[in-house]
Each structure stands twice: as C-alpha cells, then as structure tokens.
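Residue-level listing of the chains:
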Amino acid sequence: MTGVGPFAIPDHLPVAPTSQRLVLNRRGSTVWDAETPAGRFAIKLGYASETHAWTALAPAREGVVLQALGSDAVRYGQWEQGTWNLQPWHVGTDLQRRWEPYRTREKASRPPLPDALACARALAELHDRGVNHGDVQPAHFILSGELTSGSLIDLALARGTEVPPWCDFAYRGCLVHYESPEISRRVLEDGEAAPTPQADVYALGATLLMAATGWRHVEYPDDASRPQQRRAIVNGTHRHVNVAGALGALINEMLRYDADDRPTVREVCDAMEHAV
Ligand SMILES: Nc1ncnc2c1ncn2[C@@H]1O[C@H](COP(=O)(O)OP(=O)(O)OP(=O)(O)O)[C@@H](O)[C@H]1O
Ligand SMILES: [Mg+2]
C-alpha cells in the first residue's frame, strides 16, 4: 500500500514526545524532530513512494547500521506502511545552509576551511570503521560550534556492516549531483552499484563544491532525466572549481575522474589540517 504522508508518529513506538516538529515529508519518508523525556530524537518513518519500494525499508536498514556502529540509543522496527527508526538528534546546521553567506557563483568562493575539515573528519571516522556512506551530500553534514564539529547523517544506503535480508535492498546510486563517474556508469549499465571509499571522496568533493559555489560538479540541464544526468557524468569532465586556495585544490583532487587517482579521506583531512 502506498500513501503520500506526512504520517503521524505511530503509537507503538517506544518514545513519548513532549513536543514534535515535522522536518520533512517527501520521496517515501516522513521525518520528525521530537523532544522526549529521554532527550531529543529524529524519528524517521519510511513508506513505499509512488516510484520506489525501498524507501519503506530505509529507516530499518539505517537503524541496523547505526546500531552496528555503536549507537545504543537507536531503535528501529516496522509500522503499518513500512519501517521506522529513532535516533539521537544532532544539533546544528547543515553544510548547505551554513555556507549560504559564503556562496559565490561568479568570483572565487572562500568558505571556512574548518567546516570542510569537520565534514572530512566525519566521513573519515566512518571509513576507518570499514563503512562506506553511499549518499554523501551537503544536507547530510550537520555542523555546530565555532570550532566546528560535524556529524554525517542518513546511513540508510551505507555498506560495510551486516544487514539482515528482511530490510536490505540494492544500491542503485545516490543523488546524481554527487555521484562519481564509476557509480554512474555501473548504474547505467547494470542498474546497481556498490558504494566505495573512493566514490564517497568524490561525493565529498562535489558536496563542498555545491555548498561553496551553488554549482553541480558536472553541467547538465535542470530538466535532464536521471539517465541523461548520469551520461553527462560518465562522458564529461567536472566543472571548473572556482574555490580559492587549498580547499579549491583539494576539491579538484577529490573530483579526479579515475577513482584510484583520488586521495583517501584521511589524506584530505591531513592536507586540510596543514592548511587551517
Ligand atoms: N539525527 C538527526 N539529527 C539532526 N537532523 C536530522 C537527523 N536525522 C535527520 N535529520 C534532518 O532530517 C532531514 C532528512 O533526514 P534524512 O536525510 O536522514 O532522511 P531522508 O529520508 O533520507 O530524506 P531525503 O529524502 O532528504 O534524503 C535531514 O536533512 C536533517 O535536516
Ligand atoms: Mg537523506
């Protein structure tokens, strides 16, 4: 059964919100920000969307990954329309919003390097634990504080932990604006792919470029279909990176076409630490 949401938090979830705010409802996902006596939580309700069935399974899959990574407060399960999870809320601002004041499309952008380092460190922590994110994008980095610390959210597509078959599903690429050429090629040829550390690094480069300048890594028309977007990524080269200094140079390295030519995210962290 499909619905359009937004859906209310089901009564049987092990949570007692004292107040709640709808964060979003789109593409098979309703997300709530809930205050509870046990703390502040994100509550995600997945359901089958008009175009995708896997969105119903995504919250449980993410719950499995988060628990495997040691988040004891995470819970997940099933509800009428699909699966749900609840996870601690990360206070902060996502990278796209945080860099709004610095974003320049025409002249060289100069966003704060400590923010970029916080994003790279969050991804490096995951890679150090043998997990590839698979859906790196500006909205998934939550940053806080003046001495920036960062969290990387939305692990529904991550690979590297055991996932039981009942809530597992194939990886069919991510938001194309952050997809590496090799992932786009696999999705075009086989319909599915596998997240890798190198593809995550490419996506981090595309993420930093987007947040700093508002430009996608590769040029294609706004109304291009998904396959057209992917063909542009496979056949093209990335856009000129108009970001100043060390950050601009590093984004260029992360966006190298061949996966083996890219730095590891640890190398990115080291280079940023030297530059700040
Ligand atoms: N643990 C969290 N802490 C803070 N904010 C969160 C958390 N989880 C989700 N959010 C907020 O909810 C938004 C959607 O969450 P998420 O990306 O995990 O869900 P989604 O179903 O994949 O949504 P989308 O369709 O945007 O990809 C995030 O961009 C963020 O603003
Ligand atoms: Mg998301």
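See above for the structure.
It should be emphasised that the depicted structure is a prediction, and the values quoted were computed from it without experimental measurement. (Residues numbered from 1 in each chain as written. Chains lettered and ligands numbered in written order. Predicted model: local features only at pLDDT ≥ 70, side-chain atom pairs only at ≥ 80, totals over all residues. Heavy atoms only, no water.)

Asks: In this structure, what is going on with the site of ligand 1? I would like to understand it.
Replies: Of all residues adjacent to ligand 1, which total 16 residues, the nearest are Arg26, Ser29, Lys44, His90 and Asp154. Summarising the interface, the protein chains cover 87% of the accessible area of ligand 1, which totals 600 Å² for the free molecule. Comparing atom positions with the cavity grids shows ligand 1 to sit within the largest pocket. The element best represented in the shell around ligand 1 is strand E1 (residues 19-26), accounting for 3 residues. The residue makeup of the shell around ligand 1, split by class, is 8 nonpolar, 4 polar and 4 charged. (Near = heavy atom within 4 Å. Areas by Shrake-Rupley, 256 points an atom, 1.4 Å probe, with all protein chains shown as cover. 1 Å grid on protein atoms, 1.4 Å probe; cavity = no way out; pocket = protein on both sides within 12 Å on 5 of 7 lines; lining within 4 Å. Sits in = over half its atoms within 2 Å of the grid points. Helix = DSSP H or I, 4+ residues; strand = E, 2+ residues; numbered from the N terminus. Nonpolar A, V, L, I, M, F, W, Y, C, P; charged D, E, K, R; others polar.)

Asks: I would appreciate a short explanation of helix H6 (residues 226-235) in the present structure.
Replies: Because the α-helix completes a turn every 3.6 residues, residues three or four places apart line up on one side. Where H6 is concerned, the buried positions are Gln229, Arg230, Ile233 and Val234. Looking down the long axis of H6, one finds its buried residues gathered within 135° of arc, a one-sided arrangement. Where H6 is buried, its residues contact helix H4 (181-190). (Buried < 20%, exposed > 50% of the residue type's maximum accessible area, 1.4 Å probe, protein only. Arc of directions from axis to C-beta. Contact = heavy atoms within 4.5 Å.)

Asks: I would appreciate a short explanation of the sheet that holds strand E6 (residues 93-94) in the present structure.
Replies: Either a parallel or an antiparallel arrangement is found when strands of a sheet pair, and the pairing is made through backbone hydrogen bonds. Spatially, the 3 strands line up as an open sheet ordered E6-E7-E8, and their pairing is antiparallel. Edge positions in the open sheet fall to E6 and strand E8 (149-152), since each of these has one partner strand only. Relative to the sheet, helix H3 (residues 113-128) contacts strand E7 (141-144) and E8, its axis offset from that of E8 by approximately 45°. (Pairing = 2+ DSSP bridges. Axes fitted to C-alpha atoms, helices over the stretch in contact; angles between N-to-C directions.)

Asks: Explain empty space enclosed by the protein here, please?
Replies: The gaps left among the atoms become clear once a water-sized probe is rolled over them. All chains considered together, the criterion is met by 1 cavity of 30 Å³ or more. For the largest cavity, the lining is made up of 13 residues, of which Gly134, Tyr171, Cys174, Ala199 and Asp200 are closest to its centre. Looking at the lining of the largest cavity element by element, the count peaks at 3 residues for helix H5 (residues 197-213). Across the lining of the largest cavity, the residue classes tally to 8 nonpolar, 2 polar and 3 charged. (Points joined across faces, edges and corners; volume = space filled by probe spheres on them.)

These figures come from the coordinates and say nothing about function on their own.
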